[in-house]
Amino acid sequence: MARLLHNLLLLTVALTLKIRVMGYWSLIYGYCALCTGVALLKLGWNIILRPSTTFQWTVRETPPACLNDTSLGTHCYVRIKKAVTMSEHQFSTIWVDSSVISFPQNDCLDFAVHPSSAENISLGSLKIAVMRALNIVFKCEESGLRFHYVAAGERGKPLMLFLHGFPEFWFSWRHQLREFKSEFRVVAVDMRGYGESDLPSSTESYRLDYLVTDIKDIVEYLGYNRCFLVGHDWGGIIAWLCAIHYPEMVTKLIVLNSPHPCVFTDYALRHPSQMLKSSYYFFFQLPHFPELMLSINDFKALKSLFTSRSTGISCKGRWLTTEDIEAYLYALSQPGALTGALNYFRNVFSVLPLSQSEVKSPVLLLWGERDAFLEQDMAEACRLYIRNHFRLNIISGASHWLQQDQPDIVNTLIWTFIKEGEGRKSYRNL
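Residues numbered from 1 in each chain as written. Predicted model: local features only at pLDDT ≥ 70, side-chain atom pairs only at ≥ 80, totals over all residues. Heavy atoms only, no water.

K.L.:
Honestly, the layout of surface pockets in this entry has me stumped. Any pointers?
P.N.:
The method is simple in principle: a probe with the dimensions of a water molecule rolls over the atoms, and the space it marks as empty is what remains. Each pocket or cavity is described by its volume, and for the second largest pocket that value is around 1,200 Å³. As for the second largest pocket, its lining consists of 45 residues, and the residues nearest its centre are Lys42, Tyr280, Phe284, Leu294 and Leu305. Secondary structure elements with two or more residues in the lining of the second largest pocket: helix H1 (2-49), helix H4 (234-245), helix H5 (261-270), helix H6 (272-277), helix H7 (279-283) and helix H8 (289-307). Per-element accounting of the lining of the second largest pocket gives the leading share, eight residues, to H8. Looking at the lining of the second largest pocket residue by residue, the classes come out as 30 nonpolar, 10 polar and five charged. (1 Å grid on protein atoms, 1.4 Å probe; cavity = no way out; pocket = protein on both sides within 12 Å on 5 of 7 lines; lining within 4 Å. Points joined across faces, edges and corners; volume = space filled by probe spheres on them. Helix = DSSP H or I, 4+ residues; strand = E, 2+ residues; numbered from the N terminus. Nonpolar A, V, L, I, M, F, W, Y, C, P; charged D, E, K, R; others polar.)

This is the structure in structure tokens:
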């Protein structure tokens, strides 16, 4: 009888979990269908109003002069190489693509991946030899991805690394590159799929673990083992995850308008208003159609993100110039650029909720009060996941595009946070 009750309990738990999973994905796909219907209505209305221009857009072939402004820094490129050796005591399970290989503690794995196929590793394409040995060794040659970044400040000074959001690229940090290069080696990266960095074609290539590893590899390539990590929007999500998984790498974490990933998930599921504001997450799950909607009328939707009254930059003195807008359109109009940017969203639901969530680094969270995409209540909730000093600053009247909207205030708050608990001389030699 006891065994029967035990089996019934296990069955009930299993069914409950399956129902929750089915409900989760039903919500996602149902909302995706709703957003698609709305987008189709908008497309139809555009065709009626502008039949001759709706499906016209221009690929910008020449970068505007602002992208070559020498006061912002030097344009650099890096092709990441990996060479990792792990002892038998460190693990017995290795992830390869989406498959798992498990070994007894004394086994050895030794294989190489050709650079041209590194993005699409499959078990069939690998020569795997398993043998009894003292160590387990994973060898991977070049990853095949080239990253572009803009760097300023003296080499050897502490590293301040900037991660941009959607739909941006390194240029969104232009005000901070000028400000902090006097005391730091400042580096603004084009993350994979953006700007002049490589654009992997596979959606699978934009998994969160790959994006986090990119940042770790870039920090190491630059010759550092620690950095002041600054992220906005999607760059903020990656920055949070870097601090969670590589706490020793993040001296201090600075995040702009991006909640801790666990806070975002929990809050959105409990607040329909935030779910509505995040509707684009669901719409972007569709293949190809979001790219079309962002491209029609010569990328009108992208322009309005930065310039409209509801979503754009609030501070009149900081509105994007025509040249600034052309800089964004130059980056995003290139073949495959929109798909690379949207692939970040197309992987996000498969990795939530997170298995690890604690942040051990000191954290500064800056939040624009007039963010059209994220509700302010999420900012304070981030405190629950931080096991160190946490400072939150809500900036009155500022939009989602915080570092461009209120750069002077943002820069001052970052300086204050950096200096807390340590003099300038103490972080010069990190």
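K.L.:
For this particular structure, what's the right way to read the pattern of salt bridges?
P.N.:
Close approach of charged atoms lets side chains of opposite charge pair. Counted according to the given criterion, the structure contains 14 salt bridges. In this structure, Arg346 engages Glu291 in a salt bridge whose closest nitrogen and oxygen atoms are separated by 3.0 Å. Taken as a pair, Arg346 in the loop between helix H10 (337-342) and strand S13 (363-368) and Glu291 in helix H8 lie far apart in primary sequence, 55 residues in all. Like Arg346, the residue Glu291 is buried in the burial classification. One connected set of salt bridges, linked through shared partners, spans Arg60, Asp298, Lys303 and Glu326. (Salt bridge = Lys/Arg side-chain N within 4 Å of Asp/Glu carboxyl O. Buried < 20%, exposed > 50% of the residue type's maximum accessible area, 1.4 Å probe, protein only.)

K.L.:
How do you make sense of the environment of Asp377 when you look at a structure like this?
P.N.:
If you trace the backbone, Asp377 turns up in helix H11 (residues 377-381). Here Asp377 falls in the exposed class, since its relative accessible area comes to 56%. C-alpha of Asp377 to C-alpha of Tyr267: the two residues are 110 residues apart in sequence and 8.8 Å apart in space.

K.L.:
Just checking my understanding: could you explain the confidence of the model for the protein for this structure?
P.N.:
Here the protein shows a mean pLDDT of 84. Residues at 70 or above account for 81%. Across residues 83-142, confidence stays below pLDDT 50; counting only partners more than four residues off in sequence or on other chains, it has 108 contacts. Low confidence marks residues 423-430, where pLDDT is under 50. Its contacts with residues over four positions away, or in another chain, come to 17 contacts. (pLDDT = per-residue confidence, 0-100. Contact = heavy atoms within 4.5 Å.)

K.L.:
Help me understand a nonpolar patch on the surface, please; the structure alone is not making it clear to me.
P.N.:
Taken together, Met1, Leu4, Leu5, Leu8, Leu11, Leu15 and Ile19 make up a surface patch of nonpolar side chains, about 760 Å² in accessible area. Here Leu5 shows up in helix H1. (Patch = residues over 30% accessible without salt bridge, like charges linked within 9 Å, V, L, I, M, F, W, Y side chains within 5 Å. Areas by Shrake-Rupley, 256 points an atom, 1.4 Å probe, with all protein chains shown as cover.)

K.L.:
Please explain the packing of H8 against helix H9 (residues 322-332) as it appears in this structure.
P.N.:
Two packed helices can be described by the angle between their axes and the distance between those axes. One can describe the packing of H8 onto H9 by two numbers: an axis separation of 11 Å at closest approach and a directional angle of 140°. As judged from the angle between their axes, H8 and H9 are oblique. At the point where H8 passes H9, the crossing takes the right-handed sense. On the side of H8, the interface is formed by Phe299, Leu302, Lys303, Phe306 and Thr307, while H9 contributes Ile325, Tyr328, Leu329 and Leu332. Looking at the contact of H8 with H9, its residues break down into seven nonpolar, one polar and one charged. (Axes fitted to C-alpha atoms, helices over the stretch in contact; angles between N-to-C directions. Parallel < 35°, antiparallel > 145°, perpendicular 65-115°, else oblique. Left-handed = near helix turned anticlockwise from the far one by under 90°.)

K.L.:
I tried to follow the packing of aromatic side chains on my own but got confused; where do I start?
P.N.:
The description of an aromatic ring pair rests on the distance of the ring centres and on the angle between the ring planes. Taken as a whole and assessed by the stated rule, the structure comprises 28 aromatic pairs. Where Phe180 meets Trp415, the ring centres are 4.8 Å apart and the plane angle is 40°; that geometry is what we call tilted. With Phe180 in helix H2 (residues 174-180) and Trp415 in helix H13 (residues 407-419), the pair connects residues that are 235 residues apart, well separated along the chain. Considered together, Phe180 and Trp415 belong to a single accessibility category, that of buried residues. Taking the centre distance of 5.9 Å and the plane angle of 80° together, the rings of Tyr280 and Phe345 count as edge-to-face. Linking Tyr280 in helix H7 with Phe345 in the loop between H10 and S13, this pair joins segments that are 65 residues apart in sequence. The ring of Phe171 is capped by Arg174, whose NZ or CZ atom sits 4.4 Å from the centre of that ring. (Phe/Tyr/Trp six-rings, centres within 6.5 Å; stacked < 30°, edge-to-face > 60°. Lys NZ or Arg CZ within 6 Å of the ring centre and 35° of its normal.)

K.L.:
Looking at this model, I keep getting lost on H8. Mind explaining?
P.N.:
Owing to its 3.6 residues per turn, the α-helix brings residues three or four apart onto one side. When the terminal C-alpha atoms of H8 are compared, their 23 Å separation across 19 residues is substantially less than the 27 Å that a helix rising 1.5 Å per residue should span. Taking the largest bend as the criterion, H8 deviates by roughly 115°, centred on Asn297. (Expected span 1.5 Å × (residues − 1). Bend = angle between axes of the 7 residues up to and from the residue.)

K.L.:
Help me understand the pairing of strand S9 (residues 159-163) in this model?
P.N.:
Successive residues of a regular strand alternate their side chains across the two faces of the sheet. The element S9 is largely enclosed, with a buried count of five among its five residues. Of the two faces of S9, the one holding Leu159, Leu161 and Leu163 and the one holding Met160 and Phe162 are both buried throughout. Note: S9 against strand S10 (residues 185-190), five bridges, orientation parallel. Counted as the bridge partner of Met160 is Val186 from S10. (Pairing = 2+ DSSP bridges.)

K.L.:
Please explain the nonpolar core as it appears in this structure.
P.N.:
Generally speaking, soluble globular proteins have nonpolar side chains that are buried together. The biggest cluster of nonpolar side chains holds 123 residues, and the ones touching the most others in it are Met160, Leu229, Trp234, Leu253 and Tyr281. Apart from residues no more than four positions distant in its own chain, Leu229 is found in contact with Leu161, Leu163, Ile215, Ala239, Cys242, Val250, Lys252, Leu253 and Ile254. (Core = buried A, V, L, I, M, F, W, Y, C linked by side-chain atoms within 4.5 Å.)

K.L.:
Please explain the state of the cysteines as it appears in this structure.
P.N.:
Every disulfide links exactly two cysteines, by a covalent bond between their sulfur atoms. Inspection of the entire model under this criterion finds zero disulfides. Cys382 takes part in no disulfide bond, and the closest cysteine sulfur, belonging to Cys262, lies 9.9 Å away. (Disulfide = S-S within 2.5 Å.)

K.L.:
Help me understand the environment of Tyr149, please; the structure alone is not making it clear to me.
P.N.:
Within the secondary structure, Tyr149 sits in strand S8 (residues 142-152). For the pair Tyr149 and His75, spaced 74 residues apart in sequence, the C-alpha to C-alpha distance is 6.0 Å. Here Tyr149 is in contact with Thr74, His75, Cys76, Tyr77, Val78, Val187, Ala188, Val189, Tyr221 and Leu222, once residues within four sequence places are set aside.

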